[in-house]
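As a plain string of letters, each chain reads:
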Amino acid sequence: MNDDPIKRCTQLMLFQAQEDRATELVLRHSCGSGAPIRYKIAEVWYDWKSPSREHAPAIIGEIGRLAGFAKRPFPKEGLIDIPYSGVRLLWLVRMASADGECILTPVEQ
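Worth saying up front: this structure is predicted, and the values here are computed from it rather than measured.

Peer 1: Mind showing me how you'd approach unusual backbone geometry here?
Peer 2: What is expected of a backbone is that most residues other than glycine have negative phi and most peptide bonds are trans. With an omega of -5°, the peptide bond running from F74 to P75 counts as cis. Residue placement: P75 occurs in the loop between α2 (56-66) and β4 (76-84). Although it is not a glycine, A42 sits at a positive phi angle of roughly 50°. Secondary-structure assignment places A42 in the loop between β2 (37-41) and β3 (44-47). By relative accessible area, A42 is classed as exposed at 63%.

Peer 1: Would you mind showing me how to read α2 here?
Peer 2: One turn of the α-helix equals 3.6 residues, which is why residues spaced by three or four share an orientation. Residues of α2 that are buried: A56, I59, I60, E62, I63, G64 and L66. Packed against the buried residues of α2 are α1 (5-19), β1 (24-27), β2, β4, β5 (87-95) and β6 (102-106). Residue G68 follows α2 closely and has a positive phi angle near 75°.

Conventions and cut-offs
Residues numbered from 1 in each chain as written. Predicted model: local features only at pLDDT ≥ 70, side-chain atom pairs only at ≥ 80, totals over all residues. Heavy atoms only, no water. Helix = DSSP H or I, 4+ residues; strand = E, 2+ residues; numbered from the N terminus. Buried < 20%, exposed > 50% of the residue type's maximum accessible area, 1.4 Å probe, protein only. Contact = heavy atoms within 4.5 Å.

As structure tokens, this is what we get:
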């Protein structure tokens, strides 16, 4: 069992977005007054109510770790393919810069 709250939150976020059939998931380091995490379902954007803004960089870091970004130069692209709660979480991850958005799109299974 994983007791790290950032890892748990990241996996739950990916799972819920996949279950809701999100077509895109966007995470932002700095979001001003907007939500740090947004997802799109049927061309409508929704704000992810949790976590707080201060956790967004740690979640983006966990996304990068899961996608195998390591120390590769930008732009970065990777694949998340992990089991979670009886399903496979499959997401393509793209980041153009260190302070830019982290954009995830689901991979058809």
